[in-house]
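# Structural overview
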Amino acid sequence: LMSFAKSKGKADFFMFGEVYSSDPTITSVYTTQGRLPGVLDFAFQQQAAGFAVEGAATDKLRDLFAADDYYTDADSNANGLAKFLSNHDMGRIGYSLQTQLTDAPDGERVARAKLASALMYFTRGFPITYYGDEQGFVGGGSDQASREDMMPSQVASYNAEDLLGTDK
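Residues numbered from 1 in each chain as written. Predicted model: local features only at pLDDT ≥ 70, side-chain atom pairs only at ≥ 80, totals over all residues. Heavy atoms only, no water.

### Quick notes on the packing of aromatic side chains
Selection criterion: When the centres of two rings from Phe, Tyr and Trp lie within 6.5 Å, Trp using its six-membered ring, the rings pair. Their planes under 30 degrees apart give stacked, over 60 give edge-to-face, and anything left gives tilted. Counting from the N terminus, the helices are DSSP H or I runs at least four residues long and the strands are E runs at least two residues long. To sort residues, take the accessible area from a 1.4 Å probe on protein chains only and compare it with the maximum for the residue type: under 20% means buried, over 50% means exposed, and anything in between is partly exposed. Only when the NZ atom of a Lys or the CZ atom of an Arg is both within 6 Å of the ring centre and within 35 degrees of the ring normal do we say a charge sits over the ring.
Applying the stated criterion across every chain yields a total of five aromatic pairs. Between the aromatic rings of Phe14 and Phe126, the centroid separation amounts to 5.4 Å while the plane-to-plane angle is 85°, which identifies the pairing as edge-to-face. Of this pair, Phe14 sits in the loop between helix H1 (2-7) and strand E1 (16-17) while Phe126 is found in strand E4 (residues 126-128), placing the two residues 112 residues apart along the sequence. With centroids separated by 4.8 Å and ring planes inclined at 70°, the aromatic side chains of Tyr130 and Tyr131 adopt a geometry described as edge-to-face. On the accessibility criterion, Tyr131 (27% relative accessible area) is partly exposed. Put simply, the rings of Phe14, Phe16 and Phe126 touch in pairs and so form one group of aromatic residues. Taking the ring centre of Phe44 as reference, the NZ or CZ of Lys83 above it sits at 5.6 Å. Over the ring of Tyr131 we find Arg92; its NZ or CZ atom is 5.1 Å from the centre of that ring.

Listed below in structure tokens is the structure:
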């Protein structure tokens, strides 16, 4: 695909793959030996959610970023990693906040969602916001239950959800 894009005059074409692992020694093989420009950063998702939702020690974030060199070779590095907090497979960060911080006020959950988002937007790699997270979508935790409609829905379970940070 990269060669085809280049042959069509798209020298700056970018793509990333999905390697469902949070181990940089595994995922980096696809950016170095496999020559993909980037992969989804499941390790980031795991550590950012652990920090923002569970209050995990910052040591795990430090170790995550210390492993960035695994991705470095002549044509790739950790800046090509696609960072995310939510997706259709993993569920939403809002769901984790609502189910794991059941006694926390909504304002704290929103603040933690913002903290996780700040980590995603302001660290290496590029951010991918899963649609609806910016609107407080929570989802039901499973694959299908995290695919809410952006516009008014006719799906009763989606309409019944309690959104993060709002009563609307």
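Here the narrative resumes.
### Notes on the environment of Val110
Selection criterion: Two residues qualify as a contact provided that any one of their heavy atoms is within 4.5 Å of a heavy atom in the partner residue.
By the element assignment, Val110 lies in helix H6 (residues 106-122). Note on Val110: relative accessible area 23%, which makes it partly exposed. Note: C-alpha distance between Val110 and Gly38 (72 residues apart in sequence) is 30 Å. Not counting the four nearest positions on each side in its chain, Val110 is found in contact with Leu164 and Gly165.

Interpretation in functional terms is not warranted from these geometric data alone.
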